[in-house]
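Observations on chain architecture
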Amino acid sequence: MRLIRPEDWRPSGIDDLEPAAWSALRHVGSACVVAGPGAGKTEFLAQRADYLLETGLCRAPHRVLAISFKTDAANNLASRVRQRCPPEFAHRFVSVTFDAFTKSLVDRFLNAIPTEWRPTRPYEIAIPKRRVVENFLTLARLNAPLQWQAEIAGYSASDFEAKIVGSYRLPVGPTAPQSAAEFAIARWWVTQLRPGQPSLLTFVGINRLAELLLRANPHIRRALVATYPFVFVDEFQDTTYAQYDFLHSAFSGEQTIITGVGDDKQRIMVFAGARKDAFHRLQADFIAARFPLLFNFRSSPDLVAIQHVVARALDPNTVQTVARTARQVNGDVAQVWSSQTMAAEATYLAKWIANDMATRGRAPRDYALLVKQKSDDYEHELAGAFAAHGLRIRNESHTLGKTSLQDLLSDELSRLAIAIFRLGASRRAPAAWQLVSTSVLALRATGPDDDARAAKVETELTAFLAALRTDMAATTPSKKSAVDFATRVFEYLDLDAIARTYAEYGVGDQLQIILEAFCIHFLGCADGAPNWTSCLDAFEGLNQIPMMTVHKSKGLEYDTIIFVGLDDRAWWSHTPGDPEGIAAFFVALSRAKQRAIFSFCQQRGQRNNIAELYQLLTKAGVPEIAI
């Protein structure tokens, strides 16, 4: 392995970095990298990983740990590093989600968790509904000492666990509650640990147990620090109380260098417990230097100028970013479309998109329909008119069992299964073959140096695919045939091997959740499909216009975004001046590369509560047009 001198290292896969990115990349200590929309934060992290590994600043056997909030973001970053970094270095880059990382520690060292807080093995994963939390808080208040009841009555079911439970450090040994918060927290943990039953843990609980594990076992913490001298955290502004506390307990001190990347103006997860002071804490606790990235590689200059107006509403001192993408459309790049009825709105949107696709030679996935919430309702309202123009909407926020379509498509097992089906439907799918062959070797516990075993596994895989290809060619897609083929594929992969190989499936019911969602979606796509290729295209959303909530759109980009439902009904919880609401608006606007359209329909409601959002658009020179 030949190392490169730091002064000789150059970016891989791109021409260059902006000056601020160079400064952040070469910084020897911890850093806050403030990367606004389109700044290329994922690319920056991939380049920094390559820099640390190829120059030997992170020497073997040490590793670089990258923590993301979403699986697809973690996979995207890992893929970029593999493309830019030689394999002998890239294997020391570990890219995982926060929850997967803390869960892997809890699962591996469960017996080292103090007895008072130790969950059962196995345990189950819980995602409590609001009603469950409301009922819990009611019972907690009624059973609390009188002096604490009023405080507990003031707790909100929407953020009780994220803020109250998530910010509380579990004591190593048993202690009696000394406050209303500690009383409610202690009762909450009883509902998770459930004496005499399998534990039912939320991810906030798992984050807290991982932090306790490290605090109670300094030798485990030392091993963690020795393994990962460099840690990246993506979307740092969304770090929760429990997650930040874990980071601090795991990596505080001078041995680990933290690089936090994100943008306070895109903090839209406060409802889920995101700290409002995450960057400030990083700067104070890890002595992190601040580096604002000033280039926008996504949006055209016109859109960047509009985004700046909204950005200043969130931070009057925000620096104007520099657009690095040229304008490609004629006419106004941003508009508000106002209609009287939902039917008129749907017809106009469908006709306009179909015409724009034909005129500009664009594909359906160059467009995105964004909504604040209840995407199923908007899909129902728009689908008919879109179908009349040969367009199909793909509702990526749609629920499939206990997960969403977007989360299913980013899941590793789902991607592996579809890759196998691609190889069953066609002989020419090199990317699918690469994914499948690599994954099957891992599932069969075959190391890179075991040539004989690898050859045997590949021979078995080739035979399996040949038989699958023959049978798929002779079978018409249907719900029944989809069930049969899905069963066959998952039996070949071996669910026990999957649970052993992938940490996220080893404990709890995540594997069952993904299998259920996969089958629901696969059966739906197979029903009525003319052939298996069409079925798989439908599964992956090819030639469909994506629709999703603003929160699901985070980290994505499209040529044109159309925000449907900019009204008081959709934004019912918004109050004037609410920074999280303005941030959500900013995130939606900044997904667009060339054009941003906001659609208002009088039939849906008024726009009094969100008048400030329209005022920002007016201030930015965005015209309103009646349609």
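Owing to the predicted nature of the structure, the values given are computational and were not obtained by experimental measurement.

What follows concerns helix α25 (residues 532-540). Listed in full, the buried residues belonging to α25 are W532, C535, L536, D537, A538 and F539. Buried residues in α25 make contact with β13 (393-395), α17 (405-410), α18 (412-425), α20 (451-473), α21 (479-493) and α24 (510-526). In this structure N531 caps α25, since a side-chain oxygen of it lies 3.2 Å from the backbone nitrogen of T533. Of the residues one or two after α25, G541 is the one with positive phi, at around 80 degrees.

To continue, consider the sheet that holds strand β8 (residues 289-293). Across the sheet, six strands lie side by side as β3-β2-β6-β7-β1-β8; this open sheet has parallel pairing. On the outer flanks of this sheet lie β3 (93-97) and β8, each paired with one strand and no other. Averaged over all pairs of adjacent strands, the angle between strand axes in this sheet comes to 15 degrees, irrespective of strand direction. Relative to β8, strand β1 (residues 31-35) is paired through five bridges, and the arrangement is parallel. In the strand pairing of β8, V33 is matched with F291. Here helix α2 (residues 41-54) sits on the sheet and contacts β1, β2 (64-68), β3, β6 (230-233) and β7 (257-262); the angle it forms with β7, its principal contact strand, is near 160 degrees.

When the UniProt feature table is mapped to this numbering, "binding site: ATP" (unreviewed entry) covers A35, G36, P37, G38, A39, G40, K41 and T42. Mapped onto the elements of the fold, G38 is located in the loop between β1 and α2. The buried category is assigned to G38, whose relative accessible area is 9%. Excluding its chain neighbours within four sequence positions, the residues that come into contact with G38 are F295, N296, F297 and R298. With residues up to four places along the chain from it excluded, the contact list for T42 reads N76, L77 and R80.

Reading the values: rules and limits
Residues numbered from 1 in each chain as written. Predicted model: local features only at pLDDT ≥ 70, side-chain atom pairs only at ≥ 80, totals over all residues. Heavy atoms only, no water. Buried < 20%, exposed > 50% of the residue type's maximum accessible area, 1.4 Å probe, protein only. Helix = DSSP H or I, 4+ residues; strand = E, 2+ residues; numbered from the N terminus. Contact = heavy atoms within 4.5 Å. Polar contact = N/O pair within 3.5 Å; in protein donor to acceptor, adjacent residues only side chain to side chain. Pairing = 2+ DSSP bridges. Axes fitted to C-alpha atoms, helices over the stretch in contact; angles between N-to-C directions. UniProt positions renumbered as here; feature names shortened; annotations may be inferred.

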